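# Structural description and commentary
Chain by chain, the residues run as shown.
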Amino acid sequence: MRPIKSAALVAAALLTLGGAAVFTAPAAQAAEPFPSIGWQQRNCDFDGNGFDDVLIGAPGATVGGASGAGHVTVQYSSSSGLSTTKKSVLHQNTPGVPGGAEAGDGFGRAVATGDLDNDGYDDAIVGAPGEDLAGLSDAGGAVVLWGSPTGLHGDDSTWLENPDGLRAGANFGRAIEAARYFAPDPANPDADPRDSVAVLENDALLFFTHPPQAVDQRLKQADREFQALDATPLETGVALRSLSHGNYNEDPWADLAISGVTTGDRPGAGTTQVLHGAPSIEAMEDGGAFAGGPGIVSSDFNHDGQDDLAIGDTGTGSAVGGSVSVHLGRGDLSGLDRTASQTWTQDSPGVPGTAEPGDRWGAEMSSGDTNGDGLPDLAVGAPGEDIGSVADAGAVWALRGAPGGLTATGARSFDQDHPDIPGRAEASDRWGGQVRLIDANKDGLFGLLAAAPGENTDDGFVWVVPTSSSGLAARGTWSYDGARLGAPVSNAQYGAAIDE
C-alpha cells in the first residue's frame, strides 16, 4: 500500500452503534417554514455554469493493472443537456489524488456532492471503502475533489479517513452525503453557509466540515463524539448502508436519514434513523426511528413546502418483493410523522407488475418532476426483478406526484425488454440498481438515468430515458458505458453509484 498523507479535516461528530439515545426531539412550532431541499435544490454543479452535472462510480474498474481499484466519471451539462464529450475520468492514479490505485480499493463505491468551501462551485466526495490503511485491510477512506470553473480535477484534492480510530473492515466511505447539517462556526451560524460531509462506516457515522476562515481546502473532523441512537431492539446492532438529506422539520438546517439493516439476533431487517440538523453539532437532535430500509430518498411528496422521506424496505420481514413507505413532515419542528401516509408495492392498485420474492422493489429510488407539473415524482428501482424467465434482469417504475402525495395514476415501468430501450434483459444485469432523475438542461423536466452495474458481466452501463409533459417515455432512450467516456470497462460495475 502506498502511504497517504492525510489532510487535516474539521469533523463534527461520530455516531457509533450500541449506546442509548443522547438526543431529545423538539415539539415547538417553527416560526417560519424553511423550504424543501430534497429535490428542487441539487448540489452537483461542478463547473458553476448553472446546470446539474453527473457523477458516476465504477468501483470494480481496473486502474493501472489493479483490479477493483475503481474510478469515477464526471459529465458536464449545459443547455444542450447531458454530455458524453465534456467529461472527466478520475481515480487514485490521477495526478494530485491522494494514494494510488490498488486492488480492491473500490474508489467510486459511494459518491456525493456539495459546496464544502462556499466558493460557488460544488465539490465531489468519492468513497473508497476497500482502501487498506496502516496495514489494516478495508479500513476505508474518501477523497474530496474540488469544483472549479473548469470542473473537477485531481489537483489539491483532499483525503478523508477516520482520524481517531482506523479499523480493519470498517469500510469508511461506504456511503456519503453532503448538506448544511450545522454551522461551521456556531458563534456565527448565519455566516459562511457551506455544506458539511456525513460519512458512513459499517457501524459509525462521522461528520466533516471546512473550518471557519480556512485559507486552504482542508477539512477537519468535528470535535464531539456521540453514543449511538437506539434505532433497533437492544439485542441487535445495525450495519449502516445509506444516507439521504432533506428538511423534515422546517428549520434552517438539513436533516439526515441514516438507514441500514439489523445484525445480531434479528438480522437483516431494514431500519432508519433521522438526525435533525442544528446550529451546532452538539445541538443535533433525534428525529426518530422508522421501520424499513436500506433504500431512502427525501422529497416534498405532498407538495407542502416541507420534505418527506420515502423508505424502500427490502430487508427481512418486508412485504413480498419489497415496498416503499412515505413519511410526511408534520409541518413543525417535530419532523416526520412516525406513521407512513402511503405504502406502495408492486401489488398496489395501478402499479404495473406483480410482487415476487427477491424483486428488491425500492432498493434504489430518486425523486424529481418528470412532467413539469411542479410535483415531485418517484423513480423506484427493482434490481432483482425477473423479466420473464430471466433472473435479476431488473426494472424501474415511475410513480407520479399529486397534490396530496404520490399516485399510481399514470404509473409506468421500464426494462430492457421494452422495444424502445436498447439492449435486452439478461440474467444479473440489475437494471435499476441505481436510478437518478435529473434536469440536465434546466427545462423543468427530469429525465431518468437507469444504471445496470451487472450489464455485460459486470462491466456496467447507464441508460438515459427521456421525458416530456406526459412523463418518462422509453422512445428515444439511449445508453453509454465507461468506454464512451474514455474509462476502463472490464468488470468496472459502471453505474454502481450515481450521486443523488
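Scope of this entry: the structure provided in the associated data block. (Residues numbered from 1 in each chain as written. Predicted model: local features only at pLDDT ≥ 70, side-chain atom pairs only at ≥ 80, totals over all residues. Heavy atoms only, no water.)

This part takes up the overall build of the protein chain. Check the secondary structure of the protein chain and you find 1 helix and 32 strands. Counting all 500 residues of the protein chain, 62% fall into the buried class. Considering only contacts in the protein chain between residues 6 or more positions apart, those separated by 24 or more positions represent 61%. When the accessible surface of the protein chain is totalled, it reaches about 17,300 Å², and 49% of it is carbon and sulfur. (Helix = DSSP H or I, 4+ residues; strand = E, 2+ residues; numbered from the N terminus. Buried < 20%, exposed > 50% of the residue type's maximum accessible area, 1.4 Å probe, protein only. Contact = heavy atoms within 4.5 Å. Areas by Shrake-Rupley, 256 points an atom, 1.4 Å probe, with all protein chains shown as cover.)

Here the focus is the layout of surface pockets. Considered as a void within the structure, the largest pocket measures approximately 1,000 Å³ in volume. Every residue lining the largest pocket is counted, 33 residues in all, and those nearest its centre are Arg-241, Ser-242, Glu-364, Gln-434 and Ala-496. Counting residues per element, the ones that place at least two in the lining of the largest pocket are strand E5 (110–114), strand E9 (175–179), strand E14 (238–246), strand E18 (294–299), strand E22 (364–368), strand E26 (434–438) and strand E32 (497–498). In terms of residue class, the lining of the largest pocket is made up of 17 nonpolar, 7 polar and 9 charged. (1 Å grid on protein atoms, 1.4 Å probe; cavity = no way out; pocket = protein on both sides within 12 Å on 5 of 7 lines; lining within 4 Å. Points joined across faces, edges and corners; volume = space filled by probe spheres on them. Nonpolar A, V, L, I, M, F, W, Y, C, P; charged D, E, K, R; others polar.)

Of all hydrophobic cores here, the largest spans 22 residues; its most connected members are Trp-361 and Leu-378. The set of elements that each furnish at least two residues to this core consists of strand E20 (323–327), strand E23 (377–382), strand E24 (395–402) and strand E25 (405–414). Filtering out sequence-adjacent residues up to four positions away, Leu-378 remains in contact with Val-297, Phe-301, Val-324, Met-365, Ser-366, Trp-397, Ala-398, Leu-399 and Leu-406. By size, the runner-up hydrophobic cluster in this structure holds 20 residues, among which are Leu-90, Val-143, Leu-145 and Trp-159. (Core = buried A, V, L, I, M, F, W, Y, C linked by side-chain atoms within 4.5 Å.)

Position of Asp-499 among the secondary structure elements: in the segment after E32. The buried charged residue Asp-499 lacks any salt bridge, with Arg-436 as its nearest oppositely charged partner at 4.7 Å. Separated by 2.8 Å, the side chains of Asp-499 and Thr-113 make a polar contact. For Asp-499, the residues in contact, after removing those within four places along its chain, are Cys-44, Leu-55, Val-111, Ala-112, Thr-113 and Arg-436. (Lys, Arg positive; Asp, Glu negative; His and termini not counted. Salt bridge = Lys/Arg side-chain N within 4 Å of Asp/Glu carboxyl O. Polar contact = N/O pair within 3.5 Å; in protein donor to acceptor, adjacent residues only side chain to side chain.)

All chains considered together, the criterion is met by 8 aromatic pairs. Consider the rings of Phe-461 and Trp-463, whose centres lie 5.8 Å apart with planes at 45°: the pair is tilted. Judged by relative accessible area, Phe-461 falls into the buried class, the value being 17%. Taken together, a centroid distance of 5.6 Å and an interplanar angle of 35° make the contact between Trp-478 and Tyr-480 tilted. Taken together, Tyr-181, Phe-182 and Phe-207 form an aromatic cluster joined through their ring pairs. (Phe/Tyr/Trp six-rings, centres within 6.5 Å; stacked < 30°, edge-to-face > 60°.)

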